[in-house]
Amino acid sequence: MEKDLQKTKGTIAYVLTEHRDELYGLINAGKIEECRARAIELLDDSSIIDKKAVAQAKDVLRKKYQNLFLSSLMTYMTGMKVS
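For the structure given in this document, a descriptive report is provided here. (Residues numbered from 1 in each chain as written. Predicted model: local features only at pLDDT ≥ 70, side-chain atom pairs only at ≥ 80, totals over all residues. Heavy atoms only, no water.)

### What to know about the overall build of the protein chain
Link 1 in the chain: Of regular secondary structure, the protein chain possesses 5 helices and 0 strands.
Link 2 in the chain: Across the protein chain, helices and strands are ordered from the amino to the carboxyl terminus as α-α-α-α-α.
Link 3 in the chain: For the protein chain, buried positions account for 35% of its 83 residues.
Link 4 in the chain: Taking the intrachain contacts of the protein chain between residues at least 6 apart in sequence as the baseline, contacts between residues at least 24 apart amount to 49%.
Link 5 in the chain: If you sum the accessible surface of the protein chain, you get close to 5600 Å²; carbon and sulfur atoms cover 53% of it. (Helix = DSSP H or I, 4+ residues; strand = E, 2+ residues; numbered from the N terminus. Buried < 20%, exposed > 50% of the residue type's maximum accessible area, 1.4 Å probe, protein only. Contact = heavy atoms within 4.5 Å. Areas by Shrake-Rupley, 256 points an atom, 1.4 Å probe, with all protein chains shown as cover.)

### Describing the side chain of Lys58
Link 1 in the chain: By the secondary structure assignment, Lys58 is in helix H4 (residues 51-61).
Link 2 in the chain: A relative accessible area of 15% places Lys58 in the buried class.

### Focus: helix H3 (residues 32-42)
Link 1 in the chain: By the burial criterion, the buried members of H3 are Ile32, Cys35, Arg36, Ala39, Ile40 and Leu42. Down the axis of H3, the sector holding all buried residues measures 160 degrees, keeping them to one side.
Link 2 in the chain: On its buried face, H3 sits against helix H1 (12-18), helix H2 (20-28), H4 and helix H5 (66-78). (Arc of directions from axis to C-beta.)

### Some points on the nonpolar core
Link 1 in the chain: Membership of the largest hydrophobic core comes to 20 residues, with the highest contact counts inside it found for Leu16, Leu23, Leu43 and Leu73.
Link 2 in the chain: Those elements giving two or more residues to this core turn out to be H1, H2, H3, H4 and H5.
Link 3 in the chain: It is H3 that contributes the most residues to this core, 5 residues altogether.
Link 4 in the chain: If sequence neighbours within four positions are ignored, Leu16 has contacts with Leu23, Ala39, Leu42, Leu43, Leu73, Tyr76 and Met77. (Core = buried A, V, L, I, M, F, W, Y, C linked by side-chain atoms within 4.5 Å.)

### Here's the deal with the pattern of salt bridges
Link 1 in the chain: In the structure shown here, the tally under the stated rule is 4 salt bridges.
Link 2 in the chain: A salt bridge links Glu22 to Arg38, with the shortest nitrogen-to-oxygen separation between them at 2.6 Å. Of this pair, Glu22 sits in helix H2 while Arg38 sits in helix H3, placing them 16 residues apart in sequence.
Link 3 in the chain: Residue classification places Glu22 among the partly exposed positions, given a relative accessible area of 34%.
Link 4 in the chain: Among the ionic pairs, Arg36 bridges to Glu33, the shortest N-O distance being 2.9 Å. In this pair, Arg36 and Glu33 both sit in helix H3, 3 residues apart, roughly one turn of the helix.
Link 5 in the chain: Linked through salt bridges whose partners overlap, the residues forming this network are Glu22, Arg38 and Glu41. (Salt bridge = Lys/Arg side-chain N within 4 Å of Asp/Glu carboxyl O.)

This is the structure in structure tokens:
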């Protein structure tokens, strides 16, 4: 059985989903760039174990295109590829 990363402390998914309401609120308000900055800031959480994955996630979330950012954020939060 696959681990539920959203409930596994020390993962990117756990940290991002802990702030789901805040991130979704920014998205719903059309503040995509603020959401991007906040998501990247959240990745500095010292509880995240895999620092290499954090560096990769930051690179992905910094990509220029909003749709890529949004689908990547959802992928990191859910563990399921969105697009």
